[in-house]
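What follows is the residue order along each chain.
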Amino acid sequence: MAFAVARPKLTWPERLFLPQIFAGMAITLNHFKNMLLGRTKVTVQYPEQKLDSTLPSYYRGAPALVKDESGRIRCVACQLCEFICPPRAIKIEPGEIPPADRFRKVEKFPREFDIDMIRCIYCGMCEEVCPEQAIFLRKDYAITGLTRAEMVHNKEKLLEIGGVMHGVVLKWNEKK
Ligand code: SF4
Ligand code: SF4
């Protein structure tokens, strides 16, 4: 059922619209005054000026793969992150660890691991779901490229951004 909403009846000062215009200008002038006095920063001269040091600890930038203290890639190619990624930005090609390898218990490793940064929405679900703490959203935000292909971060690039992460959650940890 439809309802007809009656238009509010404006008083004559409201019909002039001048009080509203002056109230808006007063707010603008107040911001302008605060900016002149250095109380408000409205512009960052990027890229000359960066705010990297002020990024909060929970900032979610580019996802990246990490290695452990001994230089081993933590990812075990379980593909959970590929499955959970909402925009389907992750593509993994698992490889099998040879039976003679000391890490054969792990079974798989990522032969290929690509993240399409055009698709990525920085949601952090890959980090949340990873059972091996192998993928993290780092503070990198300057993700640029001249072609679509350049915007796909391959395994080498992901490991370069990720670096080393210290911790104990490892599938090949003897305590497990
Ligand atoms: S941050 Fe989100 S969108 Fe980006 S790769 Fe991870 S799960 Fe996918
Ligand atoms: S990054 Fe984590 S969730 Fe993704 S495949 Fe590797 S181990 Fe699995």
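For the structure, see preceding data.
Residues numbered from 1 in each chain as written. Chains lettered and ligands numbered in written order. Predicted model: local features only at pLDDT ≥ 70, side-chain atom pairs only at ≥ 80, totals over all residues. Heavy atoms only, no water.

K.L.:
Sorry if this is basic, but what is going on with the sheet that holds strand S3 (residues 108–116) here?
P.N.:
To summarise the sheet geometry, strands pair through backbone hydrogen bonds and adopt either a parallel or an antiparallel arrangement. Overall, antiparallel pairing links the three strands, which are arranged S2-S3-S5 in an open sheet. The strands lining the two open edges of the sheet, one partner per strand, are strand S2 (90–96) and strand S5 (152–153). By the bridge criterion, two bridges tie S3 to S5 in an arrangement that is antiparallel. Paired with Ile115 across the bridge in S5 is His153. Most of the contacts of helix H5 (residues 155–162) go to S3, to which it runs at about 85°, and overall it touches S3 and S5. (Pairing = 2+ DSSP bridges. Helix = DSSP H or I, 4+ residues; strand = E, 2+ residues; numbered from the N terminus. Contact = heavy atoms within 4.5 Å. Axes fitted to C-alpha atoms, helices over the stretch in contact; angles between N-to-C directions.)

K.L.:
Would you mind going over the side chain of Glu82 with me for this structure?
P.N.:
By the secondary structure assignment, Glu82 is in helix H3 (residues 80–84). Within the buried core, Glu82 has no salt-bridge partner, and the shortest N-O distance to an opposite charge, that of Lys91, equals 7.7 Å. Within the structure, the side chain of Glu82 is placed 2.8 Å from the side chain of Gln79, a separation counted as a polar contact. Apart from the residues within four sequence positions on either side, Glu82 is in contact with Ile90, Lys91 and Ile92. (Buried < 20%, exposed > 50% of the residue type's maximum accessible area, 1.4 Å probe, protein only. Lys, Arg positive; Asp, Glu negative; His and termini not counted. Salt bridge = Lys/Arg side-chain N within 4 Å of Asp/Glu carboxyl O. Polar contact = N/O pair within 3.5 Å; in protein donor to acceptor, adjacent residues only side chain to side chain.)

K.L.:
Got a minute to help me understand the site of ligand 2 in this structure?
P.N.:
Every residue close to ligand 2 is listed here: Cys75, Val76, Ala77, Cys78, Gln79, Leu80, Cys81, Ile92, Phe113, Cys130, Pro131 and Ile135. For the shell around ligand 2, the per-class residue count stands at eleven nonpolar, one polar and no charged. (Near = heavy atom within 4 Å. Nonpolar A, V, L, I, M, F, W, Y, C, P; charged D, E, K, R; others polar.)

K.L.:
Looking at this model, I keep getting lost on the site of ligand 1. Mind explaining?
P.N.:
Every residue near ligand 1 is listed here: Cys85, Pro86, Pro87, Ile90, Ile115, Cys120, Ile121, Tyr122, Cys123, Gly124 and Cys126. Residues that form the shell around ligand 1 fall into these classes: ten nonpolar, one polar and no charged.

K.L.:
Before we go on, may I ask you to explain helix H2 (residues 18–36) in this structure?
P.N.:
Helical geometry note: an α-helix holds 3.6 residues per turn, so side chains three or four residues apart project in the same direction. With 19 residues, H2 extends 26 Å between its outermost C-alpha atoms, agreeing within 8% with the 27 Å of an ideal straight helix rising 1.5 Å per residue. At the exit of H2 stands Gly38, carrying a positive phi of roughly 75°. (Expected span 1.5 Å × (residues − 1).)

K.L.:
How do you make sense of unusual backbone geometry when you look at a structure like this?
P.N.:
Glycine aside, residues mostly have negative phi angles, and peptide bonds mostly take the trans form. Each neighbour pair has its own omega, and for Tyr46 with Pro47 the value is 10°, a cis peptide bond. Located in the positive-phi region is Arg88, a residue other than glycine, with phi close to 55°. When you line up the elements, Arg88 lands in the loop between H3 and S2. Judged by its relative accessible area of 56%, Arg88 is exposed. Unlike most non-glycine residues, Gln133 shows phi in positive territory, near 50°. Looking at the secondary structure, you find Gln133 in the loop between helix H4 (125–129) and strand S4 (135–137). By relative accessible area, Gln133 is classed as partly exposed at 33%.

Read these as layout, nothing more, since geometry by itself doesn't imply function.
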